[in-house]
Protein chains: 2
Amino acid sequence: MSTTNRHWNLASRPKDLITPEVLQLSESPLPELEDGQARARVKYLSIDPTMRVWMADIPQYMPPVQIGEVMRAFGIAEIIESRHPDFKKGDKVTGLTGLQEYALITGKDTRKFQKLPSIPFLSDVNFLGTLGINGLTAYFGLLEVGRPQSGETLVVSAAAGATGSIAGQIGKIQGCRVVGIAGSDEKCRWIKDDLGFDHAINYKHPDWKTQLAAATPNGIDIDFENVGGEIMQAVLDRMNLHGRVVLCGLISGYTKQDPALASFGQVLIKRLRVEGFIILDYVAKFMDAGKQLGMWKMMGKLKDKQTIVKGLEKAPEAINMLFAGANTGKLIVEL
Amino acid sequence: MSTTNRHWNLASRPKDLITPEVLQLSESPLPELEDGQARARVKYLSIDPTMRVWMADIPQYMPPVQIGEVMRAFGIAEIIESRHPDFKKGDKVTGLTGLQEYALITGKDTRKFQKLPSIPFLSDVNFLGTLGINGLTAYFGLLEVGRPQSGETLVVSAAAGATGSIAGQIGKIQGCRVVGIAGSDEKCRWIKDDLGFDHAINYKHPDWKTQLAAATPNGIDIDFENVGGEIMQAVLDRMNLHGRVVLCGLISGYTKQDPALASFGQVLIKRLRVEGFIILDYVAKFMDAGKQLGMWKMMGKLKDKQTIVKGLEKAPEAINMLFAGANTGKLIVEL
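The paragraphs below set out a description of the structure included in this document. (Residues numbered from 1 in each chain as written. Chains lettered and ligands numbered in written order. Predicted model: local features only at pLDDT ≥ 70, side-chain atom pairs only at ≥ 80, totals over all residues. Heavy atoms only, no water.)

So, the overall build of chain A
Turning to step 1, where the next piece is worked out: Of regular secondary structure, chain A possesses 9 helices and 15 strands.
Turning to step 2, where the next piece is worked out: Relative to the compact-globule value of 20 Å for 335 residues, chain A shows a C-alpha radius of gyration of 27 Å, a clear excess of over 25%.
Turning to step 3, where the next piece is worked out: Counting the 335 residues in chain A, one finds 57% classified as buried.
Turning to step 4, where the next piece is worked out: Within chain A, contacts between residues at least 6 apart in sequence are counted, and of these 55% link residues at least 24 apart. (Helix = DSSP H or I, 4+ residues; strand = E, 2+ residues; numbered from the N terminus. Rg over C-alpha atoms; globule rule 2.2 N^0.38 Å. Buried < 20%, exposed > 50% of the residue type's maximum accessible area, 1.4 Å probe, protein only. Contact = heavy atoms within 4.5 Å.)

Have a look at this one:
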């Protein structure tokens, strides 16, 4: 058995891609196990887009990895030595092993590790993908946020990725028409021929937006969004009224600073709900609302002000006043 | 009584602001009334940011105004002549009068016009603002989309505008801490001193973002967004987890073509729901989901693929592969 551990540490924060200055491989002696600790040898490491986010010193859903720390990563490992009551030699575990050869499991962070069940037909690597973070992400993202109805059209971007490929298949199970967007003809063949997507579109083809339109003749009801940027915009352009966007990832923006993506980054990280809103959808309730507003107004709880412009001939100027912020309260043309 | 009608027609589509080429004033003889028609003299015209959207030939929530048509506008008018069973001379009506002196009400578009009730303490112009489109927009947008809870922090942009000023006051009625963003010190004084907002911030002051931070020490739970762009971004940066953005308007983008605003334009017009999503919020349901995923996997309903990279030393390259789209399915480093 080795007496040293090789580990990738975060040496500096990346500007775009991962360069040799960002992650540095070093070797350290394995510490003696103390009571309550177990040591696991890492067998598989999950490589996920979110790792790029963890490296950046920006507000995010977990603390960013600190400079000098072992890089965070999910993995599957086997217990090789244990003084921990919950784990014995030979157990397979999954959790945040870190980007290294050996993970030390201590009492207090046991929650980071779960024993792998042994299930026929399932291999260990399935617990990093289909039954792990990606499968769970596809499952909850599509079912709880996207709320698909049978017959609806679902578009999945990064559809040949670990999460997108599962999201599309769950969409099929739910009875949706599923269109995947991916970056090569080979990926497109895989999701269409092997996974059963109804259509697959290679966004590197010059006419991919035309193909997207042809593949979604009834528009798009749900966007399971993994990419952001131009791809997301093309999907938004074809969304139906009251559609839902599951904002799961924005990989096109992780390696650059794009202000157009910054807003959606906040929406994603903070799990915000952004809803477009136009009063026309509430016509049936206008009477009740009007009564309540009138009551508040008469009780003095609602105050207002008018900015009055006199004369029909001033109407165009009045419209421009709105954009110059020249009105306070309601802007009205009086004839 | 006049025998002619003056009306503003859409002559060309605006590039940014309304210029003399965009709206043209002309005069036409008033037509004879036919059976089932009524004529109303317009008294007040509502000037709304959405008029700029109606002028643009873009997908939107109503058909855009066509070149040559009388410009669409809400107004209040008085019936001066009627051969319509529902309206008699002297009735006051509100509806889409158009940007003109006289509106012709015909049988089939009666739904566009409603008689104004006569209510003590309420003046006609209140039915264009507080009790009209703006009040209803504030009411449904905040209550149905924003779903405020007592004690939450609500930020309203364009807070001294017709809709924002009501939205903030309804927020106060609901027990929220309400912060308004407006474009002059005078507007700020009005919303704070007269309308009872807790804080008012003039975004033209250089340190307004610092003021916003000071006014929202517990972050922001609801953004009633009327502006978009830089103001929206500053608010998003201070949103709390699971906050809500009522996307009611994007006035900063109506007079320019800003790709950063294009996405939110689609969200607004189509009333999309965009939700950020991170799997951590569903930890309590992981077990059940895992069982379902495992079942689907064993039934052959979920297929997957791994792209395996061998050797811990390849981990940084593997991370970069994600951004180059070099993997199909789950990307894993095998040790």
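A word on the pairing of strand β1 (residues 4–10) of chain B
Residue and element names in this part refer to chain B.
Turning to step 1, where the next piece is worked out: Among the 7 residues of β1, 5 are classified as buried, and the element is accordingly described as predominantly covered.
Turning to step 2, where the next piece is worked out: Inspection of the sheet shows β1 paired to strand β2 (residues 23–29) by 7 bridges, in the antiparallel sense. Across the sheet, the residue bridging to Arg 6 is Glu 27, located in β2. (Pairing = 2+ DSSP bridges.)

Some words on unusual backbone geometry
Turning to step 1, where the next piece is worked out: Positive phi is not limited to glycine here, since A:His242 has a value of about 60°.
Turning to step 2, where the next piece is worked out: Among the structural elements, A:His242 can be located in strand β12 (residues 239–247).
Turning to step 3, where the next piece is worked out: Given a relative accessible area of 42%, A:His242 falls into the partly exposed group.
Turning to step 4, where the next piece is worked out: The backbone phi angle of B:Ala158 is positive, close to 50°, even though this residue is not glycine.
Turning to step 5, where the next piece is worked out: As for its position among the elements, B:Ala158 is in the loop between β8 (153–157) and α3 (162–173).
Turning to step 6, where the next piece is worked out: A relative accessible area of 31% means that B:Ala158 is categorised as partly exposed.

Description of the interface of chain A and chain B
Turning to step 1, where the next piece is worked out: Of the residues lining the interface, 129 residues belong to chain A; the matching set on chain B comes to 129 residues.
Turning to step 2, where the next piece is worked out: Three residues stand out in chain A for area buried against chain B, namely A:Arg271, A:Arg273 and A:Phe277, and they jointly supply 7% of the buried area on that side.
Turning to step 3, where the next piece is worked out: Where chain A meets chain B, there are 8 salt bridges.
Turning to step 4, where the next piece is worked out: With its nearest N and O atoms 3.4 Å apart, the salt bridge here joins B:Glu313 to A:Arg6. (Buried area = accessible area lost by both parts, 1.4 Å probe. Salt bridge = Lys/Arg side-chain N within 4 Å of Asp/Glu carboxyl O.)

Let's talk about the pattern of salt bridges
Turning to step 1, where the next piece is worked out: Here the structure, examined in full by the defined rule, presents 34 salt bridges over all chains.
Turning to step 2, where the next piece is worked out: The salt bridge involving A:Lys285 is made with B:Glu144; its shortest N-O contact spans 3.0 Å. Separated into two different chains, A:Lys285 in the loop between β13 (273–276) and α8 (286–298) and B:Glu144 in helix α2 (residues 133–146) make up a pair that spans both.
Turning to step 3, where the next piece is worked out: B:Lys115 is the partner of B:Asp91 in a salt bridge, and the nearest nitrogen-oxygen pair spans 3.6 Å. In this pair, B:Asp91 sits in the loop between β4 (75–82) and β5 (92–95) while B:Lys115 sits in strand β7 (residues 113–115), placing the two residues 24 residues apart along the sequence.
Turning to step 4, where the next piece is worked out: Looking at B:Asp91, the relative accessible area reads 8%, which means it is buried.

Re the sheet that holds strand β11 (residues 220–225) of chain A
Turning to step 1, where the next piece is worked out: Pairing is mixed in the open sheet, where 12 strands are placed in the order β10(A)-β9(A)-β8(A)-β11(A)-β12(A)-β13(B)-β13(A)-β12(B)-β11(B)-β8(B)-β9(B)-β10(B). Unpaired on one side and paired on the other, β10 (199–202) of chain A together with β10 (199–202) of chain B mark the two borders of the sheet. Geometrically, the sheet is characterised by an average inter-axis angle of 15° between neighbouring strands, direction not taken into account.
Turning to step 2, where the next piece is worked out: Two strands pair when backbone bridges link them, and β11(A) and β12(A) are joined in this way by 5 bridges, in the parallel orientation. Within β12(A), the residue paired with A:Asp223 across the bridge is A:Val245.
Turning to step 3, where the next piece is worked out: On the sheet, helix α4 (residues 185–194) of chain B packs against β9 (177–182) and β10 of chain B and is oriented at approximately 170° with respect to β10(B).
Turning to step 4, where the next piece is worked out: Most of the contacts of helix α6 (residues 229–236) of chain B go to strand β12 (residues 239–247) of chain B, to which it runs at about 150°, and overall it touches β8, β9, β11 (220–225) and β12 of chain B. (Axes fitted to C-alpha atoms, helices over the stretch in contact; angles between N-to-C directions.)

A few points about the relation of the copies chain A and chain B
Turning to step 1, where the next piece is worked out: Between chain A and chain B, the superposition needs a rotation of 180° and an axial shift of 0.0 Å, giving an RMSD of 0.1 Å. A rotation of that kind, with that shift, is consistent with a two-fold axis. (Least-squares fit on C-alpha atoms with pLDDT ≥ 70 in both.)

From the geometry alone we can't say anything about function, so treat these as descriptive.
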